[in-house]
Amino acid sequence: MQLIRKMTGEYAGYLFDESRTMGQADWIAFPTCEAELVEAVRWCARNGVSLTAQGGMTGLAGGASPAGGLALNLSRMNRILGLRRDGAGAYHLRVQPGLLLTQLRRALAAKSFDIAGWDEASIEALRPLKPGEMFFPPDPTEPTASLGGMAACNACGARSVLYGCTRAHISALRAVLADGRVTSLARGRDKAQGRHVLLPLEDGGVLSFDLPSFDTPPIKDAGYFIRENMDLVDLFIGSQGTLGIISELELTLMPAPKHLWGLTAFFPDDENALAYVRAIKGHPDPGTPAFPHRAASIEFFNRNALDMVVRQKEITPAFHRLLPLPDGYNCAVYVEFNGDDPADMPPMLRELAGVITASGGDPDRTWVARDQLELEQLLFFRHSVPETIDLIIEENKKKEPCITILSTDMAVDDGHFDELFHIYKRDLAATSLQWIIFGHIGENHVHPNILARTREEYEQGHAIFEKWARDVHRMGGSISAEHGAGKIKKKLALIMYGPERMRELVSLKRVFDPRLLLGPGNVLTIDSEEAGA
Amino acid sequence: MKILVCVKQVPASNETRLDPVTHTIIREGAEAVLNPFDAFAVEEAVRIKSRCGGSVTAISMGIPAAAAMLRRVIAVGADEAILLTDRAFAGADTLATARTLARAVEKAGLPDLILCGRMATDGDTAQVGPMLAENLGIPHVSDVAAIESVDDSVLVARRLTDDGYARVRVRLPALVTVLREINVPRLPSVSGVLRGEACGVTVWDRAALGLDPAETGLKGSATRVVRTMRPDLSVQTVAIGGRPGEQAARLIECLRARKLIETEGRA
Amino acid sequence: MNGLIQPGGLWVYCEQGPDGIRPVVFELLGQATRLAAAMKCAVTGVLLGGTGSQASDLAQAGADTVLCVEDASLVAADELRHTGELAALVQQYRPAALLLGATAFGRSLAPRLAARLGTGLTADCTQLDIDPETGLLLQTRPAFGGNLMATIVCPNGRPQMATVRPRVFTAPRRDPSRACRIVTERSAATGSPIELLGRVTLGAEAAIGDADVLVAVGQGIGSAENIALAERLAKKLGGALAASRPMVDSGLVPYVRQVGQTGKTVSPRLYIALGISGAIQHMAGVAAQTIVAVNTDPDAPIFQYAHYAVRCDCGAFLREMLDRIEEGE
């Protein structure tokens, strides 16, 4: 089978990601191992062909939609390669970047590993592992995301309130640079000296360069990560395929909590929901009882989001199993707790009942999921929101092909969130657009989504996003907490970094990729483009 | 109207696999949950109660820890719960289970309506409901997709048959087993869960039911498992590789050669 | 006691549907003939509400005797009345074993009857044998979620009762030279607390049990759009769409199309499994001549059953298949 194939109609499905950003490509490759990946990258280097890495194609910013050249599809690099136990007893799993999160979860839950090709040490490390004993915490809502894609944009998802983002769970990685050379980096071992970097290469060479002079946002950010004395693995995590192509990841596993439970509470108004969230996060308003427990995830659904799902339920048989909403609902907050003892739940629920009441909710108007099966009902509900957006955008796109998903994931710190939330609402309410707000309120990055129906609405949506990017920049936040800037939010990245810092980032890229072949059109605004724009 | 609903605790997953290192069978870290089919029976019971008034009693045979599951049933609207638990009940087949349940139902007082899930996901036999009805001497209607109407004396149901659906009217008391499509079970509210936690579960053992040890559990079972084995799955497999287009073409060729399809399309 | 039917025989319950005796009865008779040879006994078909004229069909498939309760009102599927009739016959003639089809009605009737007789019942057997030492009926069925097969016996209760899903076994070739004796009994003619108010027959397109070609979709199908493509392919191949349990549970495909231990057993000539992992609960319902598995997961268990293994994205595969097949029209 030929590695580099002509892009033909049968591969049309590889031209766009979940955001529905239509890309184009002349070639496509499906490497199955690092050697083939290197071969594909070298072929590009030889021929001056640009390339875009693809994993599960579940991104929401167009990062995997190719912009000409080669679509480098890593879906066939989906093996689990080995297991290591470190001195502290933690498990580290080596995987190829195309492995899907759902495959990883199944393997860990059922202890189902194809160990052909594993070394002895890995097999010995696997021996005592019990099914379901360990898990990989990052939980982007879409379980068919690939681990490589999650690393490339430092995905985080709902449970990062408790566990942090993908970055926090990667202990080592291998990456292929634009010239086909390979680097192998381990957290704690390979670090910058101040802002100077000596990046070791497998062929014995070293890439010597200086990091940009600034630090990237201190809050959750899906983009580049720059710090003094940083771990070099973090250069690649979040760089969205612009510095190198991740060819292998070592994931740090965590002991799986034994008891997952959650509840959705309905509130008469957004302000009640915000008060509830503040209390859950440990900052209760006066008069609201303190809640000393840590949630694993806190998710918000505004009225428009709930209405949208209710409408879609009438049309889509797959949503038939969605729970009927309580009468007179307005907005809802889902909170999940990860614990080890089911006996902890009732006293916590008693405390929550107090918090819900004090926040203006009603403990009778709640859904409690007490075990895995019930939790799946709540997660199904949560997942139905982006699924519905997908269905609607797919439909709208038939009438106006330029339309893509317009979802933001801007993040600010606790002190600025309410202000940002009110800006979102005010700006959207002033339009005639269809919009919803839902998502990760626990980490101050909800997803306002604009469901554009026409080209004008689509452009209006982009304009609003740009305004918000300036607002968020002013608050010291990030324009993308988890999805990455990709192509759709590239302009927002420029607003956040500003032209000066953008130039420094482009210089960093040129160290790795002098001919700018990797991930064209993603994140970075190159000077010439800026001038031309 | 007095309604009784039979529930069972089952493992959340039945998946069994071979350990990749030791090649021994491992059961997935099995959380115990309410049998999913029973959730539909519970929901239907609670809905009928809210329409017709009356009470809902949940009953289960299982290990002492199943009391937690019964409290969950109370959380979504059942009024009381009975747990039948005794070492002497262990290893019961469907016949012995139904016998034990029937004795407990008689002790609790025959209700107007008994609701059961279609089957339990750990056994997939769908036998206990009809057997229980027989032991109680009441009629049963299996595989009910909708309860169209019910009052103190008569119930009209739509049941799944081999040829479609049938509408039937049955005199009460009767037992009904329900399908998934009958409803969407609610989740409990915070208040409901706290009510369940505060609620006691009645526990009856073998002696309380006045059953002879020879009538219950393994001793009271008519069937025995004599052997288990992993099925042999080996088949000669032809792998069809290539790009999707090539794969489709080759497959059409193969199927045509085996006279499995008759299309004339390009291969 | 009628001398024509000896105690210790092997009985097959001859369920009737709207189109006469159900096909599963003939499949059971085929097995019964084989088992009866090992048990050294005769095969009796029990026909409630039938007539002697239907007996020759049963004889040609292997019944030595047909025990007929001639009461037209028994044609209606009524568990209580059938339990009463069968229990009376069993008590009179004392068969060693009784096989029933695991149709919806059979699965409802058999446990009721077993409880009345106080005997054991094994549901959904996929294999039946006679233990050469004890002479007991060895009843094998998927257990523990299906990854194990369990063999079950009923040492003391009589008759030993088992249900078998339709299409698990093939019907024997009819032997026109075979005839049988007919024994007629009177019905107990009791009333029933259950009254049939009406029937809704599902459309022919839903009848996956009879399809020659099935295109079945599972969780790996990818999208609702691909389900529509799968259905189109099924129609082009003269077959029907089927699905695995998760697809039905999630409401994407109606229950009548579910294949597997908790759905229908199907025996098409060609079974194209798209995005179906191949859990044994599903495969327990697949008795296909040829299985094609399409899946991106190289480790999917379905590939162990497949005659043709296609590692491919289902959407891409479907579009390519349809392109080629529709072009040929």
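Residues numbered from 1 in each chain as written. Chains lettered and ligands numbered in written order. Predicted model: local features only at pLDDT ≥ 70, side-chain atom pairs only at ≥ 80, totals over all residues.

J.: Is there a simple way to explain the overall build of chain A in this structure?
T.: Secondary structure assignment for chain A yields 14 helices and 20 strands. Over its C-alpha atoms chain A spans a radius of gyration of 23 Å, differing by no more than 12% from the 24 Å that the globule rule assigns to 533 residues. Taken along the three principal axes of its C-alpha coordinates, chain A extends 65 × 60 × 50 Å. A total of 533 residues make up chain A; the buried ones form 54% of that total. For chain A, the share of sequence-separated contacts (at least 6 apart) that also reach a separation of at least 24 residues comes to 72%. (Helix = DSSP H or I, 4+ residues; strand = E, 2+ residues; numbered from the N terminus. Rg over C-alpha atoms; globule rule 2.2 N^0.38 Å. Buried ≥ 20, exposed ≤ 12 C-beta atoms within 10 Å, placed from the backbone. Contact = placed C-beta atoms within 7 Å.)

J.: Got a minute to help me understand the interface of chain B and chain A in this structure?
T.: By a widespread convention, an interface's size corresponds to the accessible area lost as its parts come together. Across the contact, 26 residues belong to chain B and 36 residues belong to chain A. Listed by contribution, the elements that provide at least two residues to the side of chain B that touches chain A are helix H5 (190-198) and helix H7 (244-257) of chain B. For the side of chain B that touches chain A, the leading source of residues is H5 of chain B, giving five residues. Of the residues that constitute the side of chain B that touches chain A, the class distribution is 13 nonpolar, four polar and nine charged. (Nonpolar A, V, L, I, M, F, W, Y, C, P; charged D, E, K, R; others polar.)

J.: Quick question: what am I supposed to make of unusual backbone geometry here?
T.: The general pattern is negative phi for most residues beyond glycine and trans for most peptide bonds. A cis geometry characterises the amide bond from leucine 172 of chain B onward to proline 173 of chain B, with omega recorded as 0°. Looking at the element boundaries, proline 173 of chain B is found in the loop between strand E11 (164-171) and strand E12 (174-178). Arginine 158 of chain C connects to proline 159 of chain C through a cis peptide bond whose omega is -5°. Examined against the element boundaries, proline 159 of chain C turns out to sit in the loop between strand E10 (148-153) and strand E11 (160-164). With phi around 50°, glutamine 240 of chain A is a residue other than glycine that occupies positive phi space. When you line up the elements, glutamine 240 of chain A lands in the loop between helix H6 (233-236) and strand E12 (245-252). Of note, aspartate 124 of chain B is a non-glycine position whose phi angle comes to about 55°, a positive value.

J.: I would appreciate a short explanation of the domain arrangement of chain A in the present structure.
T.: Residue and element names in this part refer to chain A. Examined at the domain level, chain A breaks down into domain 1 (259-474) and domain 2 (490-532). Of note, the centres of domain 1 and domain 2, computed from C-alpha atoms alone, are 33 Å apart. Contacts between domain 1 and domain 2 engage five residues on the former and four residues on the latter. Considered class by class, the residues forming the side of domain 1 that touches domain 2 number two nonpolar, one polar and two charged. (Domains from an automatic or database assignment.)

J.: How should the confidence of the model for chain B be read in this particular structure?
T.: Keep in mind that low pLDDT regions are not for reading the predicted coordinates in detail. The pLDDT averaged across chain B works out to 91; a share of 92% of its residues lies at or above 70. Both confidence scores are given for the complex: pTM 0.82, ipTM 0.89. (pLDDT = per-residue confidence, 0-100.)

J.: Before we go on, may I ask you to explain the nonpolar core in this structure?
T.: Most often, soluble globular proteins keep nonpolar side chains buried together rather than apart. Among the nonpolar cores identified, the biggest contains 308 residues, and Tyr276 and Val333 of chain A, Val5 and Val42 of chain B together with Val12 of chain C are the most heavily contacted of them. Aside from chain neighbours lying at most four places away, what touches valine 5 of chain B is Ala41, Val42, Ala45, Val56, Ala58, Ala78 and Leu115 of chain B. (Core = buried A, V, L, I, M, F, W, Y, C linked by C-beta atoms within 7 Å.)

J.: Is there a simple way to think about the interface of chain C and chain B in this case?
T.: Counting from both sides, the interface comprises 70 residues of chain C and, opposite them, 69 residues of chain B. Of the residues belonging to the side of chain C that touches chain B, the class tally is 40 nonpolar, 19 polar and 11 charged. Bridge count for E11 of chain B against strand E13 (residues 194-201) of chain C is seven bridges, and the pairing is antiparallel. Bridge pairing in E13 of chain C places alanine 166 of chain B opposite arginine 199 of chain C. (Pairing = 2+ DSSP bridges.)

J.: Where do I start with the sheet that holds strand E4 (residues 43-48) of chain C in this structure?
T.: Residue and element names in this part refer to chain C. Spatially, the seven strands line up as an open sheet ordered E7-E11-E6-E1-E4-E5-E12, and their pairing is parallel. Lying at the two open borders of the sheet, with one neighbouring strand each, are strand E7 (121-125) and strand E12 (181-185). Going from strand to strand, the sheet's axes swing by 20° on average, the running direction of each strand aside. Sheet analysis places strand E6 (residues 97-101) next to E11, joined by five bridges and oriented parallel. The residue bridging alanine 97 from the neighbouring strand is glutamine 160, located in E11. (Axes fitted to C-alpha atoms, helices over the stretch in contact; angles between N-to-C directions.)

J.: How should the environment of glutamate 181 of chain B be read in this particular structure?
T.: Along the chain, glutamate 181 of chain B falls in the loop between E12 and H5. On a C-alpha basis, the gap between glutamate 181 of chain B and glutamate 134 of chain B in space is 25 Å, while along the polypeptide they are 47 residues apart. Once you skip the residues sitting within four places of it in the chain, glutamate 181 of chain B turns out to touch Ala145 of chain B together with Tyr255 of chain C.

J.: Explain the sheet that holds strand E6 (residues 91-95) of chain A here, please?
T.: Each strand in a sheet pairs with another by means of backbone hydrogen bonds, the pair being arranged parallel or else antiparallel. Residues and elements named next belong to chain A. Spatially, E5-E6-E12-E8-E9 is the arrangement adopted by the five strands of the open sheet, whose pairing is antiparallel. Among the strands making up the open sheet, the edge pair consists of strand E5 (80-85) and strand E9 (182-186). The sheet shows a mean angle of 15° between the axes of neighbouring strands, taken without regard to direction. Inspection of the sheet shows E6 paired to E12 by four bridges, in the antiparallel sense. Paired with arginine 94 across the strands is glutamate 250, a residue of E12.

J.: For this particular structure, what's the right way to read the packing of helix H4 (residues 128-136) of chain B against helix H4 (residues 104-117) of chain C?
T.: Each packed pair of helices is defined by two parameters, the angle between the axes and the distance between the axes. Following both chains from N to C, one finds H4 of chain B and H4 of chain C inclined at 40°, their axes separated by 8 Å at the closest point. With respect to each other, H4 of chain B and H4 of chain C are oriented oblique. As H4 of chain B packs across H4 of chain C, the resulting crossing turns out to be right-handed. Two secondary-structure elements touch here, H4 of chain B through Pro130, Met131, Ala133, Glu134 and Asn135 of chain B and H4 of chain C through Ser108, Pro111, Arg112, Ala114, Ala115 and Arg116 of chain C. The residue makeup of the contact of H4 of chain B with H4 of chain C, split by class, is six nonpolar, two polar and three charged. (Parallel < 35°, antiparallel > 145°, perpendicular 65-115°, else oblique. Left-handed = near helix turned anticlockwise from the far one by under 90°.)

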